[in-house]
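# Topology and contacts: notes
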Amino acid sequence: MRKRVFAGGLLALVLTGCAGEFNKVYKTDDVGYRYEYAKQSFAEGKYSRAATLLLDLITVKKGHDDAEEALYMLGMSEYLSHDYESASETFKKYYKTYPRGNYAEQAAFYVGQALYEGAPEPRLDQTPTIGAINAYQQFLDFFPESELRPRAQERLFELQDKLVVKELLSAQLYYNLGGYFGNVNSNTESNYIASIITAQNALKLYPYSKWREDFSLIIMKSKFELAENSSEDKRVERYRDAEDECYGFLNEFPDSKDCAMANKFIAKCKKVIGD
């Protein structure tokens, strides 16, 4: 027990000593010493400490020979300490200030990379995802021969898939809400229509998506349910539309596990429209 208490006390002294040293460096007027300490902290993996020093130093260093290095190191310190929002802004600032700088290629890449790391899961707002896509695309346009190109392309496809999944979840949600409200109801109708429109727009935007069959299935099911829950004056027309959609699904996905469902819908449609 005494050994544990002693070890804990020793660790506290070490940490206190480190904090004391950092505070002295942070408060000193010796800019050169602060910068060297920041560089040492970065090399030792103490990225938060390096970022704290560099955030002040980039203003002081402006116009000096090492200003470019300081700004890029700040961006990397923020990125490696998982402050992705700040990192993306710093890399943008670097590239705008030094478009032909020593780290221009890396900074352009890490604008997208930082936004990629901070992108939320598909159910949430995808503004950062769209920002990352635009940043990667800009990087690929400006540095088409970069060694980082394959990595940027891989991330770009991954982010685009995330947008597709968000649309798929939205279309499915509208479909589920259509069934939730019950029969012949304005909410039922509007939700099935919203499901159809969302899925159709996604197919226009992402025609070669690996979720193409999933979107097509939602459209088929939504059109059939829309017909089932229609008022008398719209039923025949909507059953015809649903039948056409079912045939289209069978033609495009003849090996789908949902072909039986499509055929079942077609049989029901024929009974109503009298073909």
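Whatever comes next refers back to the structure up there.
Residues numbered from 1 in each chain as written. Predicted model: local features only at pLDDT ≥ 70, side-chain atom pairs only at ≥ 80, totals over all residues. Heavy atoms only, no water.

With that out of the way, let us pick up the packing of helix α5 (residues 84-97) against helix α6 (residues 104-117). Axis separation between α5 and α6 bottoms out at 8 Å; the angle between their running directions is 155°. The orientation of α5 with respect to α6, classified from their angle, is roughly antiparallel. Of the two possible hands of crossing, α5 and α6 adopt the one that is left-handed. Where α5 abuts α6, its residues Tyr84, Ala87, Ser88, Phe91, Lys92, Tyr94 and Tyr95 lie against Ala104, Ala107, Ala108, Tyr110, Val111, Ala114, Leu115 and Glu117. Counted by class, the contact of α5 with α6 contains twelve nonpolar, one polar and two charged residues. (Axes fitted to C-alpha atoms, helices over the stretch in contact; angles between N-to-C directions. Helix = DSSP H or I, 4+ residues; strand = E, 2+ residues; numbered from the N terminus. Parallel < 35°, antiparallel > 145°, perpendicular 65-115°, else oblique. Left-handed = near helix turned anticlockwise from the far one by under 90°. Contact = heavy atoms within 4.5 Å. Nonpolar A, V, L, I, M, F, W, Y, C, P; charged D, E, K, R; others polar.)

Look at helix α2 (residues 31-43) against helix α4 (residues 67-80): their axes get within 11 Å of each other, and the N-to-C directions meet at 40°. One element, α2, and the other, α4, form an angle in the oblique class. α2 and α4 meet at a crossing whose hand is left-handed. Across the interface between the two elements, Tyr35, Ala38, Lys39 and Phe42 of α2 pack against Glu69, Ala70, Met73, Met76, Ser77 and Leu80 of α4. Of the residues that constitute the contact of α2 with α4, the class distribution is seven nonpolar, one polar and two charged.

Looking now at the nonpolar core. Soluble, globular proteins show a tendency: their nonpolar side chains are buried together. In terms of nonpolar packing, the biggest core is built from 44 residues, with Leu54, Tyr79 and Phe91 touching the most fellow members. Only α1 (2-27), α2, α3 (47-60), α4, α5, α6, α7 (127-142) and α8 (149-180) provide two or more residues apiece to this core. If you look at the next biggest cluster of nonpolar residues, it comprises 16 residues, including Phe224, Phe265, Ile266 and Ile273. (Core = buried A, V, L, I, M, F, W, Y, C linked by side-chain atoms within 4.5 Å. Buried < 20%, exposed > 50% of the residue type's maximum accessible area, 1.4 Å probe, protein only.)

Turning our eyes to something else, we now look at the environment of Glu213. Its place among the elements puts Glu213 in helix α10 (residues 212-228). The residues touching Glu213, leaving out its near neighbours within four places in the chain, are Phe249, Phe253, Ser256 and Asp258.

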